[in-house]
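Geometric and topological summary
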Amino acid sequence: MGKNINLIDRVKLGVAVSAAKSVTFAVRTLRLGAASVLPGSIARKIEPRLLELLSQQVKNGVILIAGTNGKTTTSLLLREILERKGFKVAHNSTGANLENGLVTALMESTDAFGGLNVDYAILEVDENIVPKVLTPIQPKAILCLNLFRDQLDRYGEVDTISKRWTKAISTNSPNTTVISNADDPTLSYLGQQLSQKVVFFGLNEPNKYLEEIPHAVDSIYCPNCGHSLDYEGVYLSHLGEFSCPQCGFKRSKPALNSSEWSQVLVGLYNKYNTLAAATVAIELGIDEATVRDTIPTFQPAFGRAEELQIDGKRVRILLSKNPVGTNETIRVVTESNDKTTLLILNDRVQDGEDVSWIWDVDTEALVQRGGTLVVSGDRVYDMALRLRYSDVYDSKVNLIVEEDLKKAISTALEHTKPDETLHILPTYTAMLDVREVLTGKKIR
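Just so we're clear, the structure is a prediction, and the values are computed from it rather than from any experiment.

Before going further, it helps to spend a moment on the packing of helix α6 (residues 130–137) against helix α8 (residues 158–170). Two elements in contact, α6 and α8, have axes separated by 9 Å at closest approach and are oriented at 15 degrees. The angle between α6 and α8 places the two elements in the roughly parallel class. As α6 packs across α8, the resulting crossing turns out to be right-handed. Contact residues: Val130, Pro131 and Leu134 in α6; Arg164, Trp165, Ala168 and Ile169 in α8.

In this structure, Trp165 and Ile169 are the most contacted members of the largest nonpolar core, which totals 41 residues. Per-element tally for this core: the top contributor is α8, with 5 residues.

Strand-to-strand pairing in sheets goes through backbone hydrogen bonds, with the strands running parallel or antiparallel. Strands sit in the order β9-β10-β14-β11-β12-β13 across an open sheet of 6 strands; the sheet is mixed. Of all strands in the sheet, those with a lone pairing partner are β9 (304–310) and β13 (398–401), marking the two edges. In this sheet, neighbouring strand axes are inclined to one another by 20 degrees on average, regardless of whether the strands run parallel or antiparallel.

Glancing now at the side chain of Arg316. Turning to its location among the elements, Arg316 is positioned in strand β10 (residues 313–318). For Arg316, a relative accessible area of 11% gives the class buried. For Arg316, the side chain forms a polar contact with the side chain of His423, separated by 3.2 Å. Discounting chain neighbours no more than four positions away, the residues touching Arg316 are Val266, Ala305, Glu306, Glu307, Val332, Thr421, Leu422, His423 and Ile424.

Right, let's get into the side chain of Ser376. In this structure, Ser376 sits in strand β12 (residues 372–376). Of the polar contacts made by the side chain of Ser376, one reaches the backbone oxygen of Glu403; its length is 3.3 Å. The contact partners of Ser376, leaving out residues within four places of it in the chain, are Leu343, Ile344, Leu345, Glu402, Glu403, Asp404, Leu405 and Ala408.

Moving on to the pairing of strand β5 (residues 177–181). For β5, a buried count of 5 out of 5 residues is recorded, marking the element as mostly surrounded by other parts of the structure. Of the two faces of β5, the one lined by Thr177, Ile179 and Asn181 and the one lined by Val178 and Ser180 are each fully buried. Where strand β4 (residues 141–144) and β5 come together, 4 bridges link them in parallel fashion. Its bridge partner lying in β5, Cys144 is registered against Ser180. Relative to strand β6 (residues 197–201), β5 runs parallel, the two sharing 5 bridges. Along β6, the bridge assignment pairs Ser180 with Phe200. Each parallel crossover has a hand, and the one from β5 via helix α9 (residues 185–193) to β6 is right-handed.

Rules behind the numbers
Within any chain, residue numbers begin from 1 and follow the written order of that chain's sequence. For this predicted model, a pLDDT threshold of at least 70 governs which residues receive local features, and a threshold of 80 or more governs which side-chain atom pairs are given and counted, while totals over whole chains, interfaces and linings are taken from all residues. In computing side-chain values, all of the structure's heavy atoms are included and hydrogens and water are not. Axes here refer to lines fitted to C-alpha atoms; in helices the fit is confined to the stretch in contact. Angles between the N-to-C directions go from 0 to 180 degrees. Secondary structure is summarised from DSSP: a helix means a run of H or I of at least four residues, a strand means a run of E of at least two, and numbering begins at the N terminus for each. Roughly parallel means an angle under 35 degrees; roughly antiparallel, over 145; roughly perpendicular, 65 to 115; everything else is oblique. In a left-handed crossing the near helix is turned counterclockwise from the far helix by less than a right angle, and in a right-handed crossing that turn is clockwise. Contact criterion: two residues are considered in contact whenever any of their non-hydrogen atoms come within 4.5 Å of each other. Residues belong to a common nonpolar core when they are buried Ala, Val, Leu, Ile, Met, Phe, Trp, Tyr or Cys residues joined through side-chain atoms within 4.5 Å. Buried residues are those whose accessible area, probed at 1.4 Å on protein chains only, stays under 20% of the maximum for their type, while exposed residues exceed 50% and partly exposed ones sit between those limits. Strand pairing requires that DSSP identify at least two bridges connecting the strands. Polar contacts, as used here, are pairs of N or O atoms within 3.5 Å; protein pairs need one atom able to donate a hydrogen and one able to accept it. Residues neighboring in sequence count only if both atoms are side-chain atoms. If you view a crossover with the strands going away from you and the path from the first strand over the helix to the second runs clockwise, you call it right-handed.

None of the figures reported here should be taken as evidence of function without further support.
Structural data, given as structure tokens:
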């Protein structure tokens with residue numbers, strides 16, 4: 001943290017950063033994109049150790065945030081908390097969370113010679129590269145949010161990722177603090193196996209238990225002995241209050257009492273994001289009053305419960321990219337009185353090319369409430385078929401299939417009453433497309 005760099009490394013760093021900044025300027029001037037990845041790719045070819053050289057300049061250390069869902073919202077909240085205390089923070093806010101994106105984000109805060117003058121760096125990290133970046137970054141803190149099935153064609157099963165995380169973190173610096181999800185059996189167990197300092201976050205609100213374990217559930221077996229876990233209650237997917245009757249493994253105790261905390265945005269999943277950010281901030285020495293004061297003023301990142309006014313009507317965009325996340329956005333919709341929902345399913349690289357995950361989503365709850373469902377996207381007919389199969393009670397739902405995204409949005413807005421909200425549930429690339437249509441601004 002805040003280490004000095006020798007002269008030779010400083011020269012190589014300066015050359016790499018200067019080249020990257022030139023690329024960034026050209027890309028943005030020509031409006032070819034956000035330049036969130038390419039500059040890092042070019043700079044790393046000049047100096048492969050760039051991630052290490054930049055990370056070690058961060059005065060108070062790097063905070064890595066990893067998990068399937070919630071990285072962006074949690075990162076932004078933590079950043080706002082730190083900035084409210086006057087700290088200067090580097091952050092990969094574009095969501096580019098692979099190595100080139102991390103390097104690009106850090107270079108945004110450097111001078112022309114590669115000098116990085118920030119107090120903290122908050123880096124959202126793709127689940128699959130956590131083992132690769134721990135050694136060069138040597139983070140001050142690692143936040144493990146959750147592990148759900150997501151893009152199985154890229155990542156494989158949850159158990160595979162958790163084993164990689166455990167091996168990588170356990171051999172990392174003993175000075176690293178790990179903040180882990182107590183309600184996720186896999187991550188609760190992971191935290192219990194580490195020699196580093198571990199702090200847990202989770203919910204203590206039995207009144208918010210689901211009536212039954214949802215279909216999109218991943219880790220209901222004991223990570224220690226493999227026996228089926230006993231659940232006192234489930235909050236979402238496999239997150240809840242659990243214990244193993246076979247070996248005695250049980251949920252870890254959270255540092256904060258969730259019932260005493262408010263949350264950012266809508267949905268129970270955002271209560272987890274709030275508690276995660278709050279736990280990290282307090283562990284970094286931020287006073288509790290500042291943390292609490294930041295929560296009510298938080299503004300969402302694009303697509304994460306973001307609200308827009310379009311043609312005098314309110315539109316809420318809820319990113320829905322995997323079974324658990326989509327079940328939670330559906331819960332937000334079904335708990336409202338709004339009657340129109342637009343679902344958009346794409347299968348591009350960033351979404352995951354395997355869309356079979358939609359059959360693990362509890363779309364029945366959305367269909368059975370009736371109203372109007374408009375469907376669009378690259379895999380519009382896959383989603384339409386899933387919804388049609390969900391109509392087991394011959395409900396009065398009005399299902400509209402529209403291949404053209406602009407027409408789909410227009411149709412959904414037409415069916416939305418002035419006093420209601422149009423909920424849009426898109427996958428990642430679909431969310432980018434939606435925002436471009438609604439705001440005229442392209443985000444890449």
